[in-house]
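Residues per chain are reported as follows:
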Amino acid sequence: MAAPLSELTSMPDAQLVYAADGTRLATYSWGDFDAPTVVIVHGFASNTRDNWVLTGWIRDLSTAGYRVIGIDQRGHGNSDKPHDPDAFAVRTLATDIETVMDTYLVEDARYVGYSLGARVGWEVVRDLPQRISRAVLGGVPDGIPLERLDIPQVRAYLDHGEPVQDIATRNYVKLTERVASNDLHSLLALAEGMRRSSTVDPDPTTAPTQPLLFATGSQDAVLEGSRQIAAQAPDARFFEIPGRHHFNAPGSRDFRNAALEFLAAG
């Protein structure tokens, strides 16, 4: 019997999973234990609720018969929010996902990630070829992560209240502050930690071999970079999300439908 709509648009209680360094990760589960599993991971300055529940993804995946495991990445949602950039290496973020899968006893899953969740997903899918059969990677850019964020301006804003002059950086700050649970100090540490990592840029020479669906909004500045990454992966297709930019693409019904069709194919 299908779950009532109210159950698919509300948040279950968070189940805490402890990462290797002791960081507490808030996780959420929907659906039957024995159903095929989808691990779903949100983007920068978002969380499971905003990125996936309120946009209809959990509802649609559950209705399609999947068990869904959502993860608030460290620094986000109800997870711990370290202020040390060393806590945010991309390898650490990827290992967090594997730790959650181990804790939930998930040996075989599909993966859905958006933006930061897609960049981390590239690592996870590559690392776990026997455990993740296919993946949807939405809004994943090439190049240096969060490179348009002016870190000194954000630090001056946090420490001294100085106005942020750079337009792109101001938009990042607004994006962060719109979610009451966000901690800008922690997200600044994340940006610094991601930039320090030597493995964050998707490397086509070590691309995952599983089937991948890349999806990016037609109005997203990273559209062509995402398309190029898809073209270089050995088994990938690309879906251009019509009429969407980076921040509203997760709410696209076209995106959800394309992802559901892809996930059901294998």
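Data block above holds the structure.
Procedures and definitions
Residues numbered from 1 in each chain as written. Predicted model: local features only at pLDDT ≥ 70, side-chain atom pairs only at ≥ 80, totals over all residues. Heavy atoms only, no water. Pairing = 2+ DSSP bridges. Helix = DSSP H or I, 4+ residues; strand = E, 2+ residues; numbered from the N terminus. Axes fitted to C-alpha atoms, helices over the stretch in contact; angles between N-to-C directions. Contact = heavy atoms within 4.5 Å. Buried < 20%, exposed > 50% of the residue type's maximum accessible area, 1.4 Å probe, protein only. Polar contact = N/O pair within 3.5 Å; in protein donor to acceptor, adjacent residues only side chain to side chain.

Asker: So what's going on with the sheet that holds strand 2 (residues 24-30)? Which residues, and what values?
Answerer: The strand order across the open sheet formed by 8 strands is 1-2-4-3-5-6-7-8, and the pairing between neighbours is mixed. Two strands bound the open sheet, and with one partner strand each, they are strand 1 (15-18) and strand 8 (236-241). The sheet shows a mean angle of 20 degrees between the axes of neighbouring strands, taken without regard to direction. In this structure, strand 5 (residues 109-114) lies alongside strand 6 (residues 132-138), joined through 5 bridges in parallel fashion. Note on strand 6: the bridge partner recorded for Y111 is A135. Taken strand by strand, helix 4 (residues 90-103) contacts strand 1, strand 2, strand 3 (37-41), strand 4 (67-71), strand 5 and strand 6, and its axis lies near 120 degrees from that of strand 1.

Asker: How would you summarise the environment of A64 if you had to cite specific residues and measurements?
Answerer: Mapping A64 onto the fold places it in the loop between helix 3 (57-63) and strand 4. C-alpha separation for the pair A64 and A168, spaced 104 residues apart in sequence, amounts to 38 Å.

Asker: Now, about the side chain of Q210: what can you tell me, with residues and values included?
Answerer: Along the polypeptide, Q210 turns up in the loop between helix 8 (184-196) and strand 7 (212-217). Of the residues examined, Q210 reaches a relative accessible area of 6% and is grouped as buried. Separated by 2.9 Å, the side chain of Q210 and the backbone oxygen of V125 make a polar contact. Of note is the side chain of Q210, whose polar atom sits 3.0 Å from the backbone oxygen of I132.

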